[in-house]
Amino acid sequence: MLASQELREYERSSSELRTRRVDIKLKNHDAHLLLDVPDYGVVPRQNPTLSSSKVLQVHTEFKKILQPDLAQDSAFYKRCAAEVNVINLFFPDIKSEGLRICFTAWLVFIIAMDDILETLPPLDGEAALVDSIQIVLSLPEQKRDGALMDTRIQGLTRVLYRHCTQWLCQKTARSFFKTACKVFRAHIDEVRFMHGQIPNDLPTYMGIREITIALNPFFTIIKNEFLPEGRSEDTIWDELETEVCRATGLQNDLIGLERDLENGEPLNAVIVLLASNGSPVQEQGEELFARYIEKICAEHNRSTTRAKELLAQINQEIDVADSKGAAEVARHIIMMCETHLKWCTTAKRYSMKSDEEPSIPNVS
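Model, not experiment: these values are computed from the prediction.

Draft legend 1. Representation of the environment of R100. Residue position: R100 is located in helix α3 (residues 97-117). With 44 residues separating them along the chain, R100 and L56 place their C-alpha atoms 9.7 Å apart. If we skip the residues at most four places from it in the chain, R100 touches E9, S51, S52, V55, I87, N88, I94 and K95.

Pasting the structure below:
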């Protein structure tokens, strides 16, 4: 039974972009996250539209195929609605049902893939990711001696490919899956990073993290759908995406820091810095811990400041003929700094000291 009553939609309360300082107090440490966030004042809309109900209907059927074991759970339909709500939050200005259907599918796919990767031996994980690249590029999968013990990721990838090619035009689908391949390759680099096969330093980690945050495929679809022919290749879009993905990746690391410390998770920007000192993370003092948090917050704020500068540059340089499309695309991309933070803070059950936040969907 569809949980249509659970649907939420969002809207901008301001047409002008401002910067908001967000102050988040950590629960178990005497430290604050001070984050400068580009802000359009995204708030819940009073009444969801029929469009969201259609997205929920299609997404529910997709998820039954993607993760049939979950379909028997009593909370399955509410979870499907929560996933649709996340995309409604991320992209409040995008009304296309087809795009939001694909966005929701990618969101659920990447979370499921991450969960499986964490359980696989490194070689099996890398093989699954290589196979996924072959699948979405419509290339033959590599033949190996002996069968893989676990092929769940390949199965997920096939379901995603069939689903999204139904809802995207051929050109957009091709670009989307090409960008998805970058995410798969970054996850391969992540495995190598964890096992010391590539440098274990912050710049290397950040180069991986800004891709594994997995937002670029959303942005690729948006650029293909809303920018004039040829404009999506302009380097300024890559620059804007990089800064936004870097900021959101750091948001995820900062908000999840205490949980990562408890779980011994090494893939976190603050923990990478702490580990670079050579002594166990748990033995390093609060003063050093707070200083590294401050450093990562500063990295986040540099990226959001640079993203705002790039947005202004885009708005200054666009031609009159395509100004509306370019301005909208830039807004969709930079708004992720605000909406992603709203989502991940609530999903991790943190309270924000600066403002009272609206009801946000929790799929964690």
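Draft legend 2. Broad picture of the packing of aromatic side chains. Under the defined criterion, the tally for this structure stands at twelve aromatic pairs. Centroid distance F76 to Y77: 5.2 Å. Interplanar angle 80°. Geometry classified as edge-to-face. On the basis of an interplanar angle of 50° and a centroid distance of 5.8 Å, the ring pair of F193 and Y205 is categorised as tilted. Note that F193 is positioned in helix α6 (residues 170-194) and Y205 in helix α7 (residues 202-212), a separation of twelve residues in sequence. By the burial criterion, F193 is buried, and Y205 matches it. Taken together, the aromatic side chains of W106, F109, Y161, F176, F177 and F184 make up a single cluster linked through ring pairs. Taking the ring centre of Y40 as reference, the NZ or CZ of R12 above it sits at 5.9 Å.

Draft legend 3. Broad picture of the pattern of salt bridges. Tallied over the full model, the rule gives 20 salt bridges. A salt bridge links R45 to E11; the nearest nitrogen and oxygen atoms lie 3.4 Å apart. Residue R45 is found in the loop between β4 (42-44) and α1 (50-66), and its partner E11 is found in strand β1 (residues 10-12); the two are separated by 34 residues along the sequence. Exposure remark for E11: the relative accessible area of 31% places this residue in the partly exposed category. The shortest N-O distance in the salt bridge between R331 and D93 comes to 2.9 Å. In this pair, R331 is assigned in helix α13 (residues 323-334) and D93 in the loop between α2 (76-90) and α3, connecting sequence segments 238 residues apart. Neither residue differs from the other here; R331 and D93 are each classed as buried. Salt bridges here are not isolated pairs; linked through shared partners, they connect E9, E11 and R45.

Draft legend 4. A look at α3. Across its 21 residues, α3 extends 30 Å between first and last C-alpha, which sits within 8% of the 30 Å expected from 1.5 Å per residue. Of all 21 residues in α3, 17 are buried; the element is thus mostly enclosed. By the N-cap criterion, in which a side-chain oxygen at the helix start approaches the backbone nitrogen of a residue two or three places on, α3 is capped by S96, the distance to G98 being 3.4 Å.

Draft legend 5. Summary view of unusual backbone geometry. The phi angle at S138 is positive, at roughly 60°, despite the residue not being glycine. As for its position among the elements, S138 is in the loop between α4 (122-136) and α5 (152-167). Although it is not a glycine, A214 sits at a positive phi angle of roughly 70°. Mapped onto the elements, A214 comes out in the loop between α7 and α8 (216-226).

Draft legend 6. Looking closely at the pairing of strand β3 (residues 32-39). When you tally the buried positions in β3, you get six out of eight residues, the bulk of the element. The antiparallel hairpin formed by strand β2 (residues 18-25) and β3 contains six residues in its connecting segment.

About the criteria used
- Residues numbered from 1 in each chain as written.
- Predicted model: local features only at pLDDT ≥ 70, side-chain atom pairs only at ≥ 80, totals over all residues.
- Heavy atoms only, no water.
- Helix = DSSP H or I, 4+ residues; strand = E, 2+ residues; numbered from the N terminus.
- Contact = heavy atoms within 4.5 Å.
- Phe/Tyr/Trp six-rings, centres within 6.5 Å; stacked < 30°, edge-to-face > 60°.
- Buried < 20%, exposed > 50% of the residue type's maximum accessible area, 1.4 Å probe, protein only.
- Lys NZ or Arg CZ within 6 Å of the ring centre and 35° of its normal.
- Salt bridge = Lys/Arg side-chain N within 4 Å of Asp/Glu carboxyl O.
- Expected span 1.5 Å × (residues − 1).
- Polar contact = N/O pair within 3.5 Å; in protein donor to acceptor, adjacent residues only side chain to side chain.
- Pairing = 2+ DSSP bridges.

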